[in-house]
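Now for the letters of each chain:
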Amino acid sequence: MNKSTIYSLIGIAIIIGGGLLAIHTLFGSFNPFYVVVSGSMIPTINIGDIVIIKNNSFDTSFNNLKVGDIIVFRAPEAKTEDGKPKVIVHRIAEIGNFFQKEVIRTKGDANPYSIPGIDYPLFTENYVGKVVYVVPKIGTISMIITPPINYIVMAIIIGLLIYSIRPKKVKPDNETV
């Protein structure tokens, strides 16, 4: 590996690191982007939309949420196939207290009622962030291209990026072809 390739790789690492730091500073999370995979929030949010959350300001903290806010949270009892809590996007339907702790109940806009173990009880440890923006249909791409294919595509894109920014050898003007 020559020096220019090493410098290019270091530059890309710095750009990626700086980008992650900027995202974390702006949104309070290294991953503020979530793809919606169910129709529980239709017509407000559709399958394939990406929601962008924030959790680093006064108005997006757990204690300052209000009824009607749309939030992302980890379901108290629903688990994924690998045993992790399901991540849900629903609207706050009620806020109350339970043994001196603030508790939230949510409901999907398309659901007839709140679902126990999914929509409630939600405590601060379940809260991920408040939805601040919805990007329509962009998430459909990530739903179609799943691991490991998405990693291969990303590696190819990064490789092409590195190849395109590498220094080009230029022939001197006095050289004939």
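Position labels on residues start from 1 in each chain and follow its written sequence. Two thresholds apply to this predicted model, a pLDDT of at least 70 for residue-level local features and 80 or more for giving and counting side-chain atom pairs, whereas whole-chain, interface and lining totals are computed over all residues. Note that water and hydrogens are dropped before the side-chain values are worked out from all heavy atoms of the structure.

Draft legend 1. Layout of the overall build of the protein. In this description a helix means any DSSP run of H or I spanning at least four residues, a strand means any run of E spanning at least two, and both kinds are numbered starting from the N terminus. A count of helices and strands for the protein gives three helices and six strands. Written out in order from the N terminus, the α and β elements of the protein read α-β-β-β-β-β-β-α-α. Any residue under 20% of the maximum accessible area for its type is buried, any over 50% is exposed, and the rest in between are partly exposed; the area is computed with a 1.4 Å probe on protein chains only. Scored against the burial criterion, the 177 residues of the protein give a buried share of 27%. Summarising the internal contacts of the protein: among those between residues at least 6 apart in sequence, 58% fall at separations of at least 24. Reported accessibility uses the Shrake-Rupley method at a 1.4 Å probe radius. Residues are deemed covered only where the shown protein chains occlude them. Accessible area for the protein stands at about 11,800 Å²; split by element, carbon and sulfur atoms hold 66% of it. Contact definition: two residues touch when any of their heavy atoms are within 4.5 Å.

Draft legend 2. Representation of the pairing of strand 2 (residues 50-54) within the structure. Of all five residues making up strand 2, four are buried, and the element is well covered by its neighbours. A pair of strands counts as paired when DSSP detects no fewer than two bridges linking them. Pairing between strand 1 (residues 33-35) and strand 2: three bridges, direction antiparallel. Note that in strand 2 the partner of Phe33 across the bridge is Ile52. Pairing geometry for strand 2 and strand 6 (residues 127-135), over five bridges, is antiparallel. Across the sheet, the residue bridging to Ile52 is Tyr133, located in strand 6.

Draft legend 3. Geometry of the sheet that holds strand 3 (residues 70-79). The strand order across the open sheet built from six strands is 1-2-6-3-4-5, with neighbouring strands paired in antiparallel fashion. Two strands in the sheet have a free side with no partner beyond their single neighbour: strand 1 and strand 5 (101-107). Averaged over all pairs of adjacent strands, the angle between their axes in this sheet comes to 55 degrees, without regard to strand direction. Between N-to-C directions, angles cover 0 to 180 degrees, with each direction set by a line fitted to C-alpha atoms, over the stretch in contact for helices.

Draft legend 4. Structural detail: the pattern of salt bridges. Definition used for salt bridges: Asp or Glu carboxyl oxygen within 4 Å of a side-chain nitrogen of Lys or Arg. What the rule picks out here adds up to five salt bridges. The closest approach of N and O atoms between Asp69 and Lys66, which form a salt bridge, is 3.6 Å.

Draft legend 5. Structural detail: the packing of aromatic side chains. Aromatic pairing here means that ring centres of Phe, Tyr or Trp (its six-membered ring) are within 6.5 Å. Orientation follows from the plane angle: under 30 degrees is stacked, over 60 is edge-to-face, and everything else is tilted. For the structure on display, the rule yields one aromatic pair. Whether a charge sits over a ring depends on NZ of Lys or CZ of Arg being within 6 Å of the ring centre and within 35 degrees of the ring normal. Cation over ring: Lys101 sits above Phe123, and NZ or CZ is 4.8 Å from the ring centre.

Draft legend 6. Representation of unusual backbone geometry in the model. The omega torsion across Ile42 and Pro43 is 10 degrees, close enough to zero to call that bond cis. With respect to the helices and strands, the residue Pro43 is situated in the loop between strand 1 and strand 2. At the junction of Tyr120 and Pro121, the peptide bond is cis and its omega measures out at -5 degrees in the coordinates. Within the secondary structure, Pro121 sits in the loop between strand 5 and strand 6.

Draft legend 7. Seen up close, the pairing of strand 4 (residues 85-98). Here six bridges tie strand 3 to strand 4, and the two strands are oriented antiparallel to one another. Across the sheet, Lys79 pairs through a bridge with Pro85, a residue of strand 4. Where strand 3 folds back on strand 4, the antiparallel hairpin that results is connected by five residues, among which Gly83 adopts a positive phi of roughly 90 degrees. With seven bridges connecting them, strand 4 and strand 5 associate as antiparallel partners.

Draft legend 8. Inspection of the environment of Asn126 at higher detail. Secondary-structure assignment places Asn126 in the loop between strand 5 and strand 6. Taking relative accessible area as the criterion, Asn126 reaches 11% and is therefore assigned buried. For the pair Asn126 and Pro85, spaced 41 residues apart in sequence, the C-alpha separation works out to 9.2 Å. With residues near it in sequence (within four places) discarded, Asn126 still touches Phe73, Arg74, Ala75, Pro76 and Pro121.

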